[in-house]
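# Working through the structure, step by step
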Amino acid sequence: MTAGQLDPDAPRPRGGRMPRRERRVQLLESALEVFVAQGYHAAAMDDIAERAGVSKPVLYQHFPGKLDLYLALLDASCDMIIDNCREALASTTDNKDRVAATMKVFYSYVASEEGAFRLVFESDLTSEPDVRERVDRVTTECAAMIADVIRTDTGLPDQASELLAVSLVGMAQVSARFWLAGGGDIAQDDAAALIAGLAWRGIRGYPMTDDH
């Protein structure tokens, strides 16, 4: 670390009063860093307060406990993935491009420097019902949107469309995590395009007509 650079692991300096909404954002950012680095069970509210540069009573004013803080982070992360998936599907009427855009959503999310994907896809708290519900929501809501497109394009029954959609979501998130764990030797866009190509070759095998 050269002179003038900040240590990213150093606690933030304690400051004066901050508007409640801004303080909440700051606390969530600090909590994300601690949870990603330590996992839920090893993280302590003391660690999060120290990282945020606030007293523990200030932290408890916003979040009654560690689980509440974790769930707030999960809600934000899950909402972001689902919203981005919705935008990707609405960005074009070409289904091949839709597959590619949706795949990019998961690769971009996993590659994010914040590492929030670990809370959603690699949580060490999935035995907690409230956590499991949120984690499952990413798959179910993204798959529901994709299933609508598959159903409209192929005429397949609801259950068949949903099964194909869940498979596509699983392919996206599992392959993206595997890619990241492997060190990212393949460029992110190239990796996403590679898996999108695989997905498209499979899903286009269910057209209603040869024109689709």
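Scope of this entry: the structure provided in the associated data block. What you see is a predicted model, and the numbers here were worked out from it, not measured in a lab.

## Details of helix H7 (residues 129–154)
- Relative to the 38 Å expected for 26 residues at 1.5 Å per residue, H7 spans 35 Å between its end C-alpha atoms, a close match to the ideal helical length.
- Of all bends in H7, the biggest is about 30°, found at Arg137.
- What H7 keeps buried is the set Val131, Arg134, Val135, Val138, Cys142, Ala143, Met145, Ile146, Ala147, Ile150, Asp153 and Thr154.
- Buried residues belonging to H7 abut helix H4 (66–90), helix H5 (95–111), helix H6 (117–121), helix H8 (158–181) and helix H9 (188–203).
- In the segment just after H7, Gly155 is the residue with positive phi, at about 75°.

## Points about the environment of Val99
- Considering the arrangement of structural elements, one finds Val99 in helix H5.
- Residue Val99 is classed as buried on the basis of its relative accessible area of 13%.
- In contact with Val99, other than residues within four places in its own chain, are Ala196, Ala199, Trp200 and Ile203.

## Describing the packing of aromatic side chains
- If you walk through the whole model with that rule in mind, you get 5 aromatic pairs.
- Aromatic side chains Tyr40 and Tyr70 sit 5.1 Å apart centroid to centroid with 75° between the ring planes, which places their arrangement in the edge-to-face category. Of the two residues, Tyr40 is situated in the loop between helix H1 (20–38) and helix H2 (45–52) and Tyr70 in helix H4; the sequence distance between them amounts to 30 residues. Residues Tyr40 and Tyr70 agree in their burial class; the two are buried.
- Ring geometry for Tyr109 against Phe121: centres 6.1 Å apart, planes inclined by 90°, an arrangement best described as edge-to-face. Of this pair, Tyr109 sits in helix H5 while Phe121 sits in helix H6, placing them 12 residues apart in sequence. Here Tyr109 matches Phe121 in class, with each residue buried.
- Through successive ring pairs, a cluster of aromatic residues spans Phe35, Tyr40 and Tyr70.
- The residue whose ring lies beneath Lys66 is Tyr40, and the NZ or CZ to ring-centre distance is 4.4 Å.

## Brief notes about the pattern of salt bridges
- Considering all chains together, one arrives at 11 salt bridges under this definition.
- A salt bridge links Asp83 to Arg86, with the nearest nitrogen and oxygen atoms 2.9 Å apart. Here Asp83 and its partner Arg86 are both found in helix H4, 3 residues apart, which amounts to about one turn of the helix.
- Two residues, Asp148 and Arg151, come together in a salt bridge whose shortest N-O distance is 2.7 Å. With Asp148 and Arg151 both in helix H7 and 3 residues apart, this pair spans about one turn of that helix.
- You can call Asp148 partly exposed: its relative accessible area is 40%.

Each value, and the rule that gives it
- Residues numbered from 1 in each chain as written.
- Predicted model: local features only at pLDDT ≥ 70, side-chain atom pairs only at ≥ 80, totals over all residues.
- Heavy atoms only, no water.
- Helix = DSSP H or I, 4+ residues; strand = E, 2+ residues; numbered from the N terminus.
- Expected span 1.5 Å × (residues − 1).
- Bend = angle between axes of the 7 residues up to and from the residue.
- Buried < 20%, exposed > 50% of the residue type's maximum accessible area, 1.4 Å probe, protein only.
- Contact = heavy atoms within 4.5 Å.
- Phe/Tyr/Trp six-rings, centres within 6.5 Å; stacked < 30°, edge-to-face > 60°.
- Lys NZ or Arg CZ within 6 Å of the ring centre and 35° of its normal.
- Salt bridge = Lys/Arg side-chain N within 4 Å of Asp/Glu carboxyl O.

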